[in-house]
Each structure stands twice: as C-alpha cells, then as structure tokens.
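# Coordinate analysis (summary)
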Amino acid sequence: MELISEAALHFSRISMFPYFDGAHYLVSVLSAREQAGAVDVASRSPVASWFSAMLCCFGGGILSSILLAEPPAAVLSNSTNIVFATVVWYMVFYFPSDLFYRCFSFLPLRVIAAAMKEVTRTWKIVAGVTHAHSRFKDAFLVMVANGWAKAAGGGLISNFEQLVRGIWKPESNELLKMSYPVKISLVGSILFTLQHFELLPVERHQLMLIYTMFLISMKVRMMLTKVSASPFQPVEEVVGRFLFGLQQTPKVTKPKVTANKKEEPKVEENPSKEEAEACRSESSESTRKGNTKKNE
C-alpha cells in the first residue's frame, strides 16, 4: 500500500511540458483537421485555420479565464506553448505530402498520443479547482465549473470554433448533447472538488492516479473497439428516466387512412308498404293490358 502511495505521489509531480502538452496539441489539431471543411479552410485562409487550432488547444484556459473574470489573452502570454502548438498545427496541415498527418494517423501512435492527452486532462482539472479556490474561498460550484471549463473548454466552445471556420451549427452545442470527454471532465471536476473539501477518503495524489488510469483505460478501449458512445450510457438512461422521465409526453395516435372505395348503391332489403303497393298496382295494370290485347 505504501508503494502504491509513493508511486502516486511521484506520478502527481510529473511535468506536463513538453511531452504531454505536445500530445495534447497533436491530438487537438488532428481532430480539428478531421472536421468537415477544415482542410479547405486551411488552404483558403491559414489565419482562420490557425485561430481555430489555437482554440482547440487552449480553449480550456480561455474559458476558465472568462469564468474567473481574468483576461482571456493571458493564454497568449506563454509564448513557448503558443509557438509549440503553432509548429504542431503547421506540421499537421502543411507538411509535404501529408506525411506528418499520415504518420500520426497510424492507430498505435494515435492511441499513445490520446493516452498522454488524458493525463493532461487530470492536471487541468486539478489546476482549475485549485485556482478557483484561491479566488473564491469554499465556492463549491465555482470550483466545479472552473475545473470543468479548464479540462473540457475545447469542447464547450466548439460552436465558436466552428464559427471561425464559417460553420454555424447551434444544434451541436455540447450542453444539448454532451460528448464523453465533456462528461468525464465534469465527473472529474466534481470528484476533485469533493476531495478538496475532504469529503472523499482519499489523498489528492492517489485520486489523480486512479482517475488518470481510468481515463486512459476507457480511452484506449474506445479507440481500439471504435466505439464513440459513452460507457456511462446505461447508467445515464436509468438515472435520467428515474429523475426526469416521470412525465412522459402522451403518444399521438394518427387516424387510420383507408383507401377510397367506390360507393355501391345500397339495396334496401325491406321495402316500405307504399313502394310494395305501387309495385302491385303496376303489375296488375300490366296484366290487364295483356288480357285486353289478347281479347282484341
């Protein structure tokens, strides 16, 4: 147990720059390139493509600064990270013969990069929760929101990033239909906020190791099986149906449409008395006329 605790402590002291941050930039720019129309935008307007890629790479820091009433441009103050992300962006979009993109599209390399990116997610959540606590003491919701924004900011501002590329899809808002990274970032922000208030019986470095291992295992499994659905979907459906599905909308039954049929004349089986008497009189007259003709 002590060995695991020491390993978790050493793990929590790992520096994210340059390898893990580089993996984060690489995976973010690769996903930005694979969006519809991204290559065409890069050929027509490199400035819009670069700005879109920077939003994917630093969206968490920008959104966190907005939430805490800090200047969003503070993200640009770290020139080293900006230059590093710009080099990755250029290599992904403009390397000759797309060799750089094809190389890192190879599944084993991409899985490694994605696993390293998940490590940065944990560090961003911890940094966001800690920074919010330093600004707003014991503000539970602020700490959760800032940790969430720090780790999943690229997804939360995806509509603005699409707008930079000339695409407007309000129906793709992450709040309407959350993706797995946004959901797991929210869960992680809640867990680390609870741990900060000592409501979880675990040390922070131990929680960082457990949470990161879970992130990596889920991400690798989803990439290898090519399943994009959230692993929490069965639980979400049960909880959602129990909490928010009590009032179900009534089903509207559509009237049955029958084929148009030709109306056939109705034959009355039981004629009235007047019609029967008229038929009898007509038959008697016809018989009389026949008898007179015979007599003539």
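Calculation criteria
Residues numbered from 1 in each chain as written. Predicted model: local features only at pLDDT ≥ 70, side-chain atom pairs only at ≥ 80, totals over all residues. Heavy atoms only, no water. Helix = DSSP H or I, 4+ residues; strand = E, 2+ residues; numbered from the N terminus. Expected span 1.5 Å × (residues − 1). Buried < 20%, exposed > 50% of the residue type's maximum accessible area, 1.4 Å probe, protein only. Axes fitted to C-alpha atoms, helices over the stretch in contact; angles between N-to-C directions. Left-handed = near helix turned anticlockwise from the far one by under 90°. Nonpolar A, V, L, I, M, F, W, Y, C, P; charged D, E, K, R; others polar. UniProt positions renumbered as here; feature names shortened; annotations may be inferred. Parallel < 35°, antiparallel > 145°, perpendicular 65-115°, else oblique. Contact = heavy atoms within 4.5 Å. Phe/Tyr/Trp six-rings, centres within 6.5 Å; stacked < 30°, edge-to-face > 60°. Core = buried A, V, L, I, M, F, W, Y, C linked by side-chain atoms within 4.5 Å.

### What to know about helix H12 (residues 233-244)
- An ideal rise of 1.5 Å per residue puts 16 Å on twelve residues; H12 measures up with 15 Å between its terminal C-alpha atoms.
- Counting buried positions along H12 yields zero of twelve residues, so the element is predominantly exposed.

### What to know about the packing of helix H7 (residues 107-135) against helix H11 (residues 204-225)
- Relative orientation of the contacting elements H7 and H11 amounts to 145°, with a least axis distance of 9 Å. For H7 against H11, the interelement crossing comes out right-handed.
- Taken together, the residues of the contact of H7 with H11 break down into 15 nonpolar, three polar and five charged.

### Topic: the UniProt feature "transmembrane region" (unreviewed entry) in the protein
- The feature "transmembrane region" (unreviewed entry), as given by UniProt, occupies residues 47-68 and 75-93 in the numbering adopted here.
- Across residues 75-93, helical content stands at 79% and strand content at 0%; the span's end C-alpha atoms are separated by 23 Å.

### Observations concerning the packing of helix H10 (residues 180-196) against H11
- It is at 11 Å that the axes of H10 and H11 come closest, and there the two elements cross at 170°. By the angle between their axes, H10 is roughly antiparallel relative to H11. Both H10 and H11 take part in a crossing whose hand is right-handed. Contacts between H10 and H11 involve Tyr-180, Ile-184, Ser-185, Gly-188, Leu-191, Phe-192 and Gln-195 from the former and Arg-204, Leu-207, Met-208, Tyr-211, Phe-214, Leu-215, Met-218 and Met-222 from the latter.
- Class assignment of the residues belonging to the contact of H10 with H11 gives a composition of eleven nonpolar, three polar and one charged.

### Describing the packing of aromatic side chains
- Tallied over the full model, the rule gives 15 aromatic pairs.
- Ring centres of Phe-11 and Trp-123 lie 5.3 Å apart, and the angle between their planes is 80°; on these two criteria the pair is classed as edge-to-face. Residue Phe-11 is found in helix H1 (residues 2-12), and its partner Trp-123 is found in helix H7; the two are separated by 112 residues along the sequence. With respect to burial, Phe-11 and Trp-123 carry one shared label: buried.
- Plain terms: the ring middles of Trp-89 and Phe-93 are 6.5 Å apart, the flat faces sit at 45° to each other, and that makes the pair tilted.

### Some points on the nonpolar core
- Among the nonpolar cores identified, the biggest contains 23 residues, and Val-119, Trp-123, Ile-125, Phe-192 and Tyr-211 are the most heavily contacted of them.
- At seven residues, the largest contribution of residues to this core is made by H11.
- Discounting residues that sit within four places of it in the chain, Ile-125 has contacts with Gly-147, Ala-151, Ser-185, Gly-188, Ser-189, Phe-192 and Tyr-211.
- Grouped together as the second largest cluster of nonpolar side chains are 20 residues, Tyr-25, Leu-30, Phe-58 and Val-92 included.

### Observations concerning unusual backbone geometry
- Between Phe-17 and the following residue, Pro-18, the backbone shows a cis peptide bond with an omega angle of 5°.
- Structurally, Pro-18 is set in the loop between H1 and helix H2 (19-33).
- Unlike most non-glycine residues, Ser-97 shows phi in positive territory, near 60°.
- Mapped onto the fold, Ser-97 is located in the loop between helix H5 (79-94) and helix H6 (99-104).
- On the basis of relative accessibility, which here comes to 55%, the residue Ser-97 falls in the exposed class.

### Some points on the environment of Glu-6
- Relative to the helices and strands, Glu-6 resides in helix H1.
- We classify Glu-6 as partly exposed; its relative accessible area is 46%.

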